[in-house]
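An overview of the molecular structure
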Amino acid sequence: MARDNAMSAVAAAERFGAARKCLVMTGGTSGIGRRVLERLLRERANWIVILIARPSPRVDALKALPGADGRLAVVDADLASLNSVDRACDEVVGLLGSHPIDALALNAGIQTVTGDLASADGLELAFAVNFLAHFLIVERLKGHLRPGGRIVSTSSEVHDPEAFCLMGIGRATWQDPLVLADPTHAQSHVASVVDRGEARYCASKLLNLMHARHLALELPNIGVMAFNPSVVPGTDIGRDRNWLQRLGFKYLLPLFAPIVPGARLLARSSGDLLWLLTEADAQSLSGQYVDGRAPQPGSSESSDPAKIARAIEVAHVLLRRCLDPSSTFLAPHLSH
Ligand SMILES: NC(=O)c1ccc[n+]([C@@H]2O[C@H](COP(=O)([O-])OP(=O)(O)OC[C@H]3O[C@@H](n4cnc5c(N)ncnc54)[C@H](OP(=O)(O)O)[C@@H]3O)[C@@H](O)[C@H]2O)c1
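Residues numbered from 1 in each chain as written. Predicted model: local features only at pLDDT ≥ 70, side-chain atom pairs only at ≥ 80, totals over all residues.

Overview of the packing of helix H4 (residues 82-96) against helix H5 (residues 125-141)
Convention followed: For every element, the axis is a line fit to its C-alpha atoms; helices are fit only across the contacting stretch, and the angle between N-to-C directions ranges from 0 to 180 degrees. Think of it this way: any DSSP run of H or I at least four residues long counts as a helix, any run of E at least two long counts as a strand, and we number them from the N terminus. An angle counts as roughly parallel when it lies under 35 degrees, as roughly antiparallel when it exceeds 145, as roughly perpendicular when it falls between 65 and 115, and as oblique in every other case. Crossing handedness is defined as follows: a turn of the near helix away from the far one that is anticlockwise and smaller than a right angle gives a left-handed crossing, while the clockwise case is right-handed. We call two residues in contact when the distance between their C-beta atoms, placed using the backbone, is within 7 Å. Gly counts as polar in this scheme, as do all residues outside two lists: the nonpolar Ala, Val, Leu, Ile, Met, Phe, Trp, Tyr, Cys and Pro, and the charged Asp, Glu, Lys and Arg.
Interaxial distance between H4 and H5 falls to 10 Å at its minimum, and their mutual angle equals 30 degrees. Overall, the two elements H4 and H5 adopt an arrangement that is roughly parallel. When the axes of H4 and H5 are compared, the crossing they make is right-handed. Contacts between H4 and H5 pair Leu-82, Val-85, Asp-86, Cys-89 and Val-92 from the former with Ala-133, Leu-136, Ile-137, Arg-140 and Leu-141 from the latter. Of the residues assigned to the contact of H4 with H5, the class counts are 8 nonpolar, no polar and 2 charged.

Right, here's the structure in full:
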């Protein structure tokens, strides 16, 4: 079924040829990403979307959105499994054919606060889903980006230990990325399970920003930005919280978002992300941390060349370790 839908979207792309633009995205089934997808399908008829998402009723609902018919392709993948992501990238490449990617949105994210959760590859879950899965997607798809195209990675203000955050999220201490990838040792100095989960989430968001800064140097023809949506109530990012917190974040806080300092409406943040993906001058913003629509410095750590280099090195090592020998992915400098 997903395949049929996918094929029809690509057939549409071929019919319309170069006039069509292509967005490949993760995290389009819920919250900020879902709003971006809805608006893109409704308002930008010259875009098609290839969505990488795990199967769920949410995906089925997306296929019924106005504008989705023939313009939305869904490729199954669980970002908590590198082999699943790798297979999905094969499928994306097959769907693209010679059609380039205009924008790549790395928006999926999770925050877990109930214990030492691990991915299918045995990696700390926030590290695996928020950072490493997206790292693999970029490695597999960067050769398919149109020169002048863009990559937007959704980060967060909580990447910065010093930044104000309305939700009072516990922040991360820098650790070697091999430790950050370890489901028992990442941020293990933090005693409370909730605070530890939050710190791991923050570390993954710092890695998202470091990755964007690295890619901006590696891919000078591509605009690479890290996006801060700020605190955006009304999404499911708090899905691992207790019922009271979930209720408050999903349904109550959105009512007060217009007047609460540090909170942003879903409509505003999704509009900012859509703008970054389709309109912003990506070249001039490349390598930057963009808060809403405004470039900001980000934490000093996020620009530390030695720490960035180590994060990239560890990501390559882990991909090589975790992926099947049959994978088509080969980390260039580690392949011998
Ligand atoms: N909301 C905020 O206050 C806030 C603040 C700063 C940054 N952010 C960032 O904004 C981004 C979007 O978050 P949101 O607030 O919109 O949260 P959300 O409503 O929970 O959306 C998260 C998205 O990530 C996807 N996802 C999670 N785990 C996945 C997996 N294993 N495989 C495939 N897809 C997976 C979800 O898909 P499913 O439908 O399959 O679960 C969903 O589409 C995240 O990167 C988050 O860190 C949010």
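Quick word on the site of the ligand
For the record, the criterion: Using the backbone to place each C-beta atom, any residue with that atom within 6 Å of a molecule or strand is considered near it.
Neighbouring the ligand are 29 residues, the closest being Ser-30, Gly-31, Ala-108, Gly-109 and Thr-235. By residue number, the principal contributor to the shell around the ligand is helix H2 (residues 31-43), which donates 3 residues. Along the lines of polarity and charge, the residues of the shell around the ligand split into 11 nonpolar, 13 polar and 5 charged.

With respect to the environment of Leu-207
Relative to the elements of secondary structure, Leu-207 occurs in helix H7 (residues 193-218). In sequence terms Leu-207 and Glu-139 are 68 residues apart; their C-alpha atoms lie 15 Å from each other. If we ignore the near neighbours within four places in the chain, the residues touching Leu-207 are Phe-131 and Ala-311.

Some points on the sheet that holds strand S7 (residues 289-291)
Selection rule: Two strands are counted as paired when DSSP detects at least two bridges linking them.
Strand order in this open sheet of 8 strands is S3-S2-S1-S4-S5-S6-S7-S8, and the pairing throughout is mixed. What marks the edges here is a single partner per strand, and that holds for strand S3 (72-76) and strand S8 (294-296). Recorded for the sheet is a direction-independent mean angle of 25 degrees between the axes of neighbouring strands. Two elements, strand S5 (residues 145-154) and strand S6 (residues 223-228), share 5 bridges in a ladder whose sense is parallel. Considered in S6, the bridge of Thr-154 is made with Phe-227. Lying on the sheet, H4 is in contact with strand S1 (21-26), strand S2 (47-53), S3 and strand S4 (101-106); it crosses S3 at an angle near 150 degrees. The strands that H7 touches are S5, S6 and S7; relative to S6, the one it contacts most, it runs at about 160 degrees.

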